[in-house]
Amino acid sequence: MLAFMIRRLGLAVLVALTVSVLAFLLLHLSGDPAVALAGEGARQADIDMIRKTYGLDRPVVVQYADWLWNILNGHFGTSVYFKTDAGPLIFAKLKTTLLLGVAALSVALLISIPLGVLAALYKGSLADRLCLAVAVLGQALPNFFFALLLIMLFSITWRILPVSGSGTWQHFVMPAIALGYYVAPAFMRLIRAGMIEVLGADYIRTARAKGLPAGKVIFKHALRNAIVPVVALAAVQLGYLLGGSVVIETIFALDGLGYLAYQSITFKDYPVMQLIVLLLSVLYVLLTLAADVANAWLDPRIRVS
């Protein structure tokens, strides 16, 4: 197990370094940062001054090495638009995005596990087709459009939930549903396929032959084994939810990383953009690493792969 963890950790470090290079190069792939910061109609003297002030006149390799060294030492740069340290600004917003991601993942599991089990138990029936229809609708319906429908229903028509802000738990209900429903179909199909395979196993037939209650057979024996792949998918989907919350946070004006990313793109705040991309990417890598370790602990056969 220790050797497996060391191998996965080494791979995670390599991926994180690659991501750091890509995050840094985003600054240069979008054009000349000095020209963008100076704005339209800026004089060449102003552009040269900005280039020298931010160290953009140095070789790209030197800029990257200096940026990465500062990141590793806890110096995250200064926001161009907000005129404050980028690190505290971003980490202050991270709590909201993490809360939204966990809430959306919980919604996805609450939807997908019952539907996946139901579809597997009644394979080929009307119930199975209805569950698959719910899954298809979840992936076909864009989350921003679904979010607008939720706003019209719960905020405008019924006036039950607040339409924007992040001050109370009520503010997270509609964003969590909008994000969670979009990723629920992947969980549902995986649980359905796993349950169908497990329900046909010999030990399930033996458990039924012993006269065990149907609920105990389904949830203690079948679901426990069918849900193992969901651990890896849950980590991947949580990383996706954290990185894909830009649109939802913008629609609901949640004060999180997604909304901050939208603001930094709008105002060409390159230090903040770079740090957000790097932070979310590293979180995604760490979540994937945690999923690999959890799967190896649950299924020892994975450790020898």
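Preceding block: the structure.
Nothing here was measured: the structure is a model prediction, and the numbers come from that model.

Trainee: What am I meant to see in the overall build of the protein here?
Mentor: Counting secondary structure elements, the protein contains 14 helices and 0 strands. Its C-alpha atoms give the protein principal-axis dimensions of roughly 85 × 55 × 30 Å. Taking contacts inside the protein between residues at least 6 apart in sequence as the whole, the part at least 24 apart equals 73%. When the accessible surface of the protein is split by element, carbon and sulfur atoms take 69% of a total near 16400 Å². Placing the 23 positive and 15 negative side-chain charges of the protein at their respective mean positions leaves the two points 16 Å apart.

Trainee: Explanation requested: unusual backbone geometry in the structure shown.
Mentor: Backbone phi values are negative for most residues with the exception of glycine, while trans is the configuration of most peptide bonds. The backbone of Lys 83 shows a phi angle near 55°, a positive value even though the residue is not glycine. You can see Lys 83 is positioned in the loop between helix H4 (60-72) and helix H5 (86-121). The phi angle at Arg 159 is positive, at roughly 55°, despite the residue not being glycine. Looking at where Arg 159 falls in the secondary structure, it is placed in the loop between helix H7 (143-157) and helix H8 (173-199).

Trainee: In this structure, what is going on with the environment of Asp 292? I would like to understand it.
Mentor: Locating Asp 292 in the fold gives a position in helix H14 (residues 270-298). A sequence separation of 282 residues divides Asp 292 from Gly 10, and the C-alpha atoms of the two residues are 13 Å apart.

Trainee: I would appreciate a short explanation of the packing of aromatic side chains in the present structure.
Mentor: Two descriptors summarise a pair of aromatic rings, namely the distance from one centre to the other and the angle between the planes of the rings. Following the criterion strictly, the structure yields 10 aromatic pairs and no others. An angle of 65° between the planes, with centres 5.6 Å apart, marks the rings of Phe 24 and Tyr 64 as edge-to-face. Placement of Phe 24 in helix H1 (residues 2-29) and of Tyr 64 in helix H4 is noted, with a sequence separation of 40 residues between them. Plain terms: the ring middles of Phe 146 and Tyr 181 are 5.3 Å apart, the flat faces sit at 50° to each other, and that makes the pair tilted. Here Tyr 181 lies in helix H8 and Phe 146 lies in helix H7, a separation of 35 residues in the sequence. In this structure an aromatic cluster arises from ring pairing among Phe 24, Tyr 64 and Trp 67.

Trainee: Sorry if this is basic, but what is going on with the pattern of salt bridges here?
Mentor: Proximity of charged atoms lets side chains of opposite charge pair with each other. In total, this model carries 5 salt bridges according to the counting rule given. Between Arg 58 and Asp 66 there is a salt bridge whose closest N-O contact spans 3.6 Å. Between Lys 93 and Asp 255 there is a salt bridge, with the nearest N and O atoms lying 2.7 Å from each other. Here Lys 93 is found in helix H5, whereas its partner Asp 255 is found in the loop between helix H12 (246-252) and helix H13 (257-266), with 162 residues between them in sequence. Given a relative accessible area of 16%, Lys 93 falls into the buried group. Looking at Asp 255, the relative accessible area reads 35%, which means it is partly exposed.

Trainee: Please clarify how the nonpolar core should be interpreted in this entry.
Mentor: Generally speaking, soluble globular proteins have nonpolar side chains that are buried together. Counting 67 residues, the largest nonpolar core has Ile 90, Phe 187, Met 195, Leu 257 and Ile 276 as the members making the most contacts within it. In contact with Phe 187, not counting residues within four places along its chain, are Leu 105, Ala 108, Leu 109, Ser 112, Val 230, Leu 233, Ala 234 and Gln 237.

Trainee: Explain the side chain of Thr 97 to me, please; I cannot follow it from the model alone.
Mentor: Tracing the backbone through its elements, the reader meets Thr 97 in helix H5. Apart from residues no more than four positions distant in its own chain, Thr 97 is found in contact with Leu 242, Ser 245, Glu 249, Gly 256, Leu 257 and Gly 258.

Trainee: I would appreciate a short explanation of H13 in the present structure.
Mentor: Helical geometry note: an α-helix holds 3.6 residues per turn, so side chains three or four residues apart project in the same direction. Within H13, burial applies to Leu 257, Gly 258, Leu 260, Ala 261, Gln 263 and Ser 264. Downstream of H13 by one or two residues, Lys 268 has phi in the positive range, about 55°.

Trainee: Would you take a moment to explain helix H3 (residues 44-53) for this structure?
Mentor: If you check which residues of H3 are buried, you get Ile 47, Ile 50 and Arg 51. Angular distribution of buried residues about the axis of H3 spans 100°; they occupy a single face of the element. For H3, exposure combined with an orientation more than 90 degrees from the buried face picks out Ala 45, Met 49, Lys 52 and Thr 53. In this fold, the buried residues of H3 make contact with helix H2 (33-38). One or two steps after H3, the chain reaches Gly 55, where phi turns positive at roughly 70°.

Trainee: What is the right way to look at a nonpolar patch on the surface in this model?
Mentor: Judged by side-chain polarity, Phe 144, Phe 145, Leu 148, Leu 149, Met 152, Ile 156 and Val 247 come together as a nonpolar surface patch covering roughly 640 Å² of accessible area. In terms of residue count, the dominant contributor to the nonpolar patch is H7 (6 residues). Counting through the fold element by element, Ile 156 comes out in helix H7.

Trainee: Looking at this model, I keep getting lost on the side chain of Ser 155. Mind explaining?
Mentor: Structurally, the position occupied by Ser 155 is in helix H7. Of the polar contacts made by the side chain of Ser 155, one reaches the backbone oxygen of Leu 161; its length is 2.8 Å. Among residues more than four places away in sequence, those in contact with Ser 155 are Leu 150, Leu 161, Pro 162, Val 163 and Met 174.

The rules behind the values
- Residues numbered from 1 in each chain as written.
- Predicted model: local features only at pLDDT ≥ 70, side-chain atom pairs only at ≥ 80, totals over all residues.
- Heavy atoms only, no water.
- Helix = DSSP H or I, 4+ residues; strand = E, 2+ residues; numbered from the N terminus.
- Contact = heavy atoms within 4.5 Å.
- Areas by Shrake-Rupley, 256 points an atom, 1.4 Å probe, with all protein chains shown as cover.
- Lys, Arg positive; Asp, Glu negative; His and termini not counted.
- Charge placed at Lys NZ, Arg CZ, Asp CG, Glu CD.
- Phe/Tyr/Trp six-rings, centres within 6.5 Å; stacked < 30°, edge-to-face > 60°.
- Salt bridge = Lys/Arg side-chain N within 4 Å of Asp/Glu carboxyl O.
- Buried < 20%, exposed > 50% of the residue type's maximum accessible area, 1.4 Å probe, protein only.
- Core = buried A, V, L, I, M, F, W, Y, C linked by side-chain atoms within 4.5 Å.
- Arc of directions from axis to C-beta.
- Patch = residues over 30% accessible without salt bridge, like charges linked within 9 Å, V, L, I, M, F, W, Y side chains within 5 Å.
- Polar contact = N/O pair within 3.5 Å; in protein donor to acceptor, adjacent residues only side chain to side chain.

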